[in-house]
Amino acid sequence: MDGGPQENGDSTPVVRVEDLVKTYHMGSIDVHALRGVSFDIDKGEMVAIMGHSGSGKSTLLNLLGCLDAPTEGSYFLDGELVGDLSDDALAAIRNRKIGFVFQSFNLLARMSALEQVEMPLLYARDRQRRQRAEEALAVVGLEDRMHHKPSELSGGQQQRVAIARALVGNPSMVLADEPTGNLDTATANEIMELLVLLNQERGITTLIVTHEADVAARTQRVIRMVDGAIAGDDRTARESSAV
Amino acid sequence: MSLADGVRLAFRALAANKLRTSLTVLGMVIGVAAVIALMSLGAGAQASIEANIRGTGSNLLFISPGVQSATGGRFVDVSATSPTLTFEDAEAIREATIPGIVDIAPTRNTNASLVAGGNAFSTQIIGVTPSYAEVRTFQPQVGRFISDDDLRRRARVIALGQTIATELFPGQNPIGATVRLNNQTFTVIAVMEESGQATFQSRDNQALVPLTTLQTRISPSRTLAGDDIVSEISVTLADEDEATIEAVTNEVSALLRLRHDVTEDDFTIRTQQDIIEALGEVTGTLTLFLGAIAGISLLVGGIGIMNIMLVSVTERTREIGIRKAIGARRRDILVQFLIEAVLVSLGGGIAGAVIGGLLATYMGGVSFGGRALEGHLTPEPVVLALAVSVAIGLVFGIYPANRAARLRPIEALRYE
């Protein structure tokens, strides 16, 4: 079953994808990573995209994150078509509208937490970036670790820095790729709690790609991917999300 | 990203690899220092030669036999086949009392060996008149100069240059001593003051005898008419004005043409400026040549920058991926790496300019043709070297920076 566009009242969906197809050419073989995917994500939703490796979930995340362009189909972000744009135009969209959280944190080794969080604002030429970065770090609970480098932080703290970096530019949505994949269970729980809290209290639209059922269970909606197509789109009441 | 942020980022990145950065900078330092030091030495040689030519007396005209072409700095001397300038010409010029001429000094050169005690010295002997000391500003340090009486009597007297004096009479007072020249005995009447290098021949290596003595006793040489041949006539002018030089040149030319009964000049009149310019071309070429050799090391320094920037781009692929994912545009990445390259090259350029300047200033010990060479530091090579180092940073930095800027974010993020 395809999760078709959802009727959800007045506001424009943050994400609308229609018949998204992505085909990679590996030599003479065509790899069909996505075979026509359509769904909407509304503002304030917290969605998990689940699937085994090779199911196309990472490809979908790259397309939604404007890191790659689809072979066919349309992608509307905040109601605007992300079409055949230049690299720089895509960079600007990533900068303004998308916050990334990666499995391996992807922090820069030389920089303090504060500088990591300032970085998106550097490219946005934001004059108040110091202050805004400090605020974002306070939101993730790292006000006393602002001047530490990644090597001086625990895995959970590093992921918090990454989340602060994703949040600092007030993006339309946060894309998290296996955000708890490199963390132990207790820390993974803390990070999930933080993401849920941010979603609930600040209404941040969040998309989490995961293969862990525990993680998916904390979201309101689970999109299951199998072989490049959507195999299920379940809206569930969030159970254990209360903090 | 603003330029200030770019510079700050570049400093951080360079500081993260201090040894590597220093070695890359060192390549530029050596290149720039070599260019500045060598070009300064070239300029120093030029300045010193010029000063020495001027030191032989300013406002001079030189009349030499034969037609000598000054084109391209090459002098074709035909005086050997048609010796035309004579002592009588010199006397005629003196007697004509041409306005603007203060004094004249005819000379003739020959080569001979001087022997005193067990020492011998092979050198240039110049036959001169008493006016030579004034005209060529070359005075005895001790003793007396050749007099009119010496000239009249064709006296066997000789004035030695500093170098000859010390070679032939080490630790002794040569005045009154005798030297043998062509199996004749000459009495030393003077040791000339130290003069240094005039053109390519040091006057400290020359010995002066009365012109008449040279003519009759050492190396007789006459025209068919029986006149005494001279190698050169030096003329002192009242001033250095273009007008004076031109007027005197015209008068002397007319007089000599009349005396030689020719319509085409069979002599050449050169000013000191002509000689300086001809030599300046030679030393200028030398300076450029030295600079070009040093420029090769600058090029090698530039290649070093490119090399290290390429390594850096590969190493930092993941960083580039992260930056692009969070919104860095191509230009941001390009500028970041370009600034790094330019900082390295400019840093090397500044340090190299300082070191090259110091080398040029304190390289007094370097000997060139028996004479200590001084650097002559001018602003031009410094400005040039700095501009060139910025250009090198840009030229050799653009390829690695562009490679970084064009990385695709997904692939860069996947890079381990």
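Anyway, here's the lowdown on the structure attached to this text. Sequence positions are assigned chain by chain, starting from 1 and proceeding in written order. Lettering of chains starts at A and numbering of ligands starts at 1, both following the order in which they are written. Selection of residues for local features in this predicted model requires a pLDDT of at least 70, selection of side-chain atom pairs for listing and counting requires 80 or more, and totals for whole chains, interfaces and linings are taken over all residues. The basis for the side-chain values is all heavy atoms of the structure; hydrogens and waters are excluded.

Moving on: the interface of chain A and chain B. Working rule for contacts: check all heavy atoms of both residues, and any pair within 4.5 Å makes them a contact. Contact with chain A, which involves 24 residues of that partner, is made by 27 residues of chain B. Taking both sides of the interface into account, the surface hidden between chain A and chain B amounts to around 2,400 Å²; carbon and sulfur atoms contribute 52%. Any carboxyl oxygen of Asp or Glu that lies within 4 Å of a side-chain nitrogen of Lys or Arg is treated as forming a salt bridge with it. Inspection of the region where chain A meets chain B yields 5 salt bridges. Among the salt bridges present, the one from Glu 319 of chain B reaches Arg 110 of chain A, with a minimum N-O distance of 3.5 Å. Side-chain atoms alone can form a polar contact between residues adjacent in sequence; in general such a contact is a pair of N or O atoms within 3.5 Å, and within protein one must be able to donate a hydrogen while the other accepts it. Summed over the shared surface of chain A and chain B, the result is 11 residue pairs in polar contact (both at pLDDT 80 or more). Among the secondary structure elements, those contributing two or more residues to the side of chain A that touches chain B are helix 2 (87–97) and helix 3 (113–123) of chain A. Throughout, the accessible surface (probe 1.4 Å) given up by two parts as they are put together, summed over both, is called the buried area. A helix here means a DSSP run of H or I that spans at least four residues, while a strand means a run of E at least two residues long, and both kinds are numbered starting from the N terminus.

Turning our attention to the layout of surface pockets. Definitions used throughout: a 1 Å grid over protein atoms alone; a cavity as a set of points that fits a 1.4 Å probe which cannot get out; a pocket as an open set with protein on both sides within 12 Å along at least five of seven lines; a lining residue as one with an atom within 4 Å of a point. Grid points are joined across faces, edges and corners, and a volume is the space filled by probe spheres set on the points. Here the second largest pocket defines a volume of roughly 800 Å³. Lining the second largest pocket are 31 residues, and of these Ser 58, Asn 62 and Asp 177 of chain A together with Ile 410 and Arg 414 of chain B lie nearest its centre. Every element with two or more residues in the lining of the second largest pocket is listed here: strand 1 (15–26), strand 2 (29–41) and helix 1 (57–64) of chain A together with helix 13 (409–414) of chain B. At 5 residues, helix 1 of chain A tops the list of elements feeding residues into the lining of the second largest pocket. Among the residues forming the lining of the second largest pocket, the class breakdown is 9 nonpolar, 12 polar and 10 charged. Polarity classes work like this: nonpolar for Ala, Val, Leu, Ile, Met, Phe, Trp, Tyr, Cys and Pro, charged for Asp, Glu, Lys and Arg, and polar for all others, with Gly in that last group.

Another aspect to go through is helix 1 of chain A. Residues and elements named next belong to chain A. Taking burial as the measure, the 8 residues of helix 1 include 7 buried ones, the bulk of the element. Accessibility here uses a 1.4 Å probe with only protein chains present; expressed as a share of the type maximum, an area under 20% marks a residue as buried, one over 50% as exposed, and anything in between as partly exposed. Among the residues making up helix 1, those that are buried are Lys 57, Thr 59, Leu 60, Leu 61, Asn 62, Leu 63 and Leu 64. In the stretch just after helix 1, Cys 66 is the one whose phi turns positive, near 60°.

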